[in-house]
Amino acid sequence: MSEIIEPKPSEPTDRYVAPTGLASTVTNRIVGVLARLGVAPSGCYDLQVPGRVSGELRTTPVNVLDLDGERYLVAARGRTQWVRNVRAGGSVSLRRGRRTEPVTLVELDDERKPELIRAYLTRWAWQVATFDEGLAPDSTDAEILDAAPGMPVFAVR
């Protein structure tokens, strides 16, 4: 079960659903290894970004949403460590197997999120159902917009 850290009303982007338990940690490590080997489920990559304090390379498995020829990262858990590191700047790469692709991540405004979050949930709801604010692929735009400030979305360039 995930621990939900609720944001203060004045700080909607501080929402963060922390992974809890050994199963979550082990699953992330296994998926990260599978992405580095190039055999993870379709759309799964290893995100590589320097830590905002240490500068050391940090990696985490992410699902890259491909929609209409564009790619996006949705942070369903909210303001995660990788989101904080990306916002701090530095070079970012997506790795899958032997291929490491340097990318630029551009954070999107809330108004652009409903279609992307809906597509993300359609594809990965089974993975993120415990920390997606109760959203589902059939949630209304208004429901998704209510949750959007706490779910960062980045265009992958």
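Residues numbered from 1 in each chain as written. Predicted model: local features only at pLDDT ≥ 70, side-chain atom pairs only at ≥ 80, totals over all residues. Heavy atoms only, no water.

Draft legend 1. Up close: the pairing of strand β6 (residues 92–96). Of the pairings in the sheet, the one linking strand β3 (residues 44–50) to β6 comprises three bridges and is antiparallel in character. Bridging from a neighbouring strand, D46 pairs with R95 of β6. When β6 meets strand β7 (residues 99–103), the two strands line up antiparallel, connected through five bridges. Note that in β7 the partner of R95 across the bridge is T100. Here β6 folds back onto β7, and the loop between the two strands holds two residues, one of which, G97, carries a positive phi near 65°. (Pairing = 2+ DSSP bridges. Helix = DSSP H or I, 4+ residues; strand = E, 2+ residues; numbered from the N terminus.)

Draft legend 2. Region of the structure containing the packing of aromatic side chains. All chains considered together, the criterion is met by two aromatic pairs. Seen in terms of ring centroids, Y120 and W124 are 5.1 Å apart; in terms of plane orientation they differ by 50°. Their pairing is tilted. Highlighted residues: Y120 and W124, both in helix α3 (residues 113–128), separated by four residues, approximately one helical turn. Across this residue pair, the class does not change: Y120 and W124 are buried. (Phe/Tyr/Trp six-rings, centres within 6.5 Å; stacked < 30°, edge-to-face > 60°. Buried < 20%, exposed > 50% of the residue type's maximum accessible area, 1.4 Å probe, protein only.)

Draft legend 3. Looking closely at α3. A rise of 1.5 Å per residue sets the reference length of α3, with its 16 residues, at 22 Å; its end C-alpha atoms lie only 17 Å apart and thus fall more than 12% short of the reference. Along α3, the largest kink reaches about 65° and is centred on T122. Tucked inside the fold, the buried residues of α3 contact β4 (57–67), β5 (70–74), α4 (141–147) and β9 (153–156). (Expected span 1.5 Å × (residues − 1). Bend = angle between axes of the 7 residues up to and from the residue. Contact = heavy atoms within 4.5 Å.)

Draft legend 4. Here's a closer look at a nonpolar patch on the surface. A cluster of nonpolar residues, V33, L37 and V39, forms a patch on the protein surface that exposes about 290 Å² of accessible area. Among the secondary structure elements, V39 is positioned in the loop between α1 (21–37) and β3. Residue V39 is classed as exposed on the basis of its relative accessible area of 56%. (Patch = residues over 30% accessible without salt bridge, like charges linked within 9 Å, V, L, I, M, F, W, Y side chains within 5 Å. Areas by Shrake-Rupley, 256 points an atom, 1.4 Å probe, with all protein chains shown as cover. Salt bridge = Lys/Arg side-chain N within 4 Å of Asp/Glu carboxyl O.)

Draft legend 5. Seen up close, helix α2 (residues 81–88). Taken as a whole, α2 has its buried residues at W82, V83, N85 and V86. The arc enclosing the buried residues of α2, seen along the axis, measures out at 165°, which places them on a common side. Close packing links the buried residues of α2 with β3, β4, β5, β6, β8 (105–107) and β9. Of the residues one or two after α2, G89 is the one with positive phi, at around 100°. (Arc of directions from axis to C-beta.)

Draft legend 6. Quick look at the sheet that holds β4. In spatial order, the strands read β7-β6-β3-β4-β5-β9-β8; together these seven strands make up an open sheet with antiparallel pairing. On the outer flanks of this sheet lie β7 and β8, each paired with one strand and no other. The mean angle between the axes of side-by-side strands here comes to 35°, regardless of whether they run parallel or antiparallel. Along the sheet, α2 contacts β3, β4, β5, β6, β8 and β9; its crossing angle with β3, the most-contacted strand, is approximately 50°. The sheet strands contacting α3 are β4, β5 and β9, and the helix crosses β4 at an angle near 110°. (Axes fitted to C-alpha atoms, helices over the stretch in contact; angles between N-to-C directions.)

Draft legend 7. Seen up close, the pairing of β9. Residue alternation in β9 divides its side chains into two sets, V153 and A155 and F154 and V156, and both sets are buried. Here β5 runs beside β9; their pairing, made up of four bridges, is antiparallel. Note that in β9 the partner of L73 across the bridge is F154. Bridge analysis of β8 against β9 gives three bridges, and the strand direction is antiparallel. Within the sheet, the bridge partner assigned to L105 lies in β9 and is V156.

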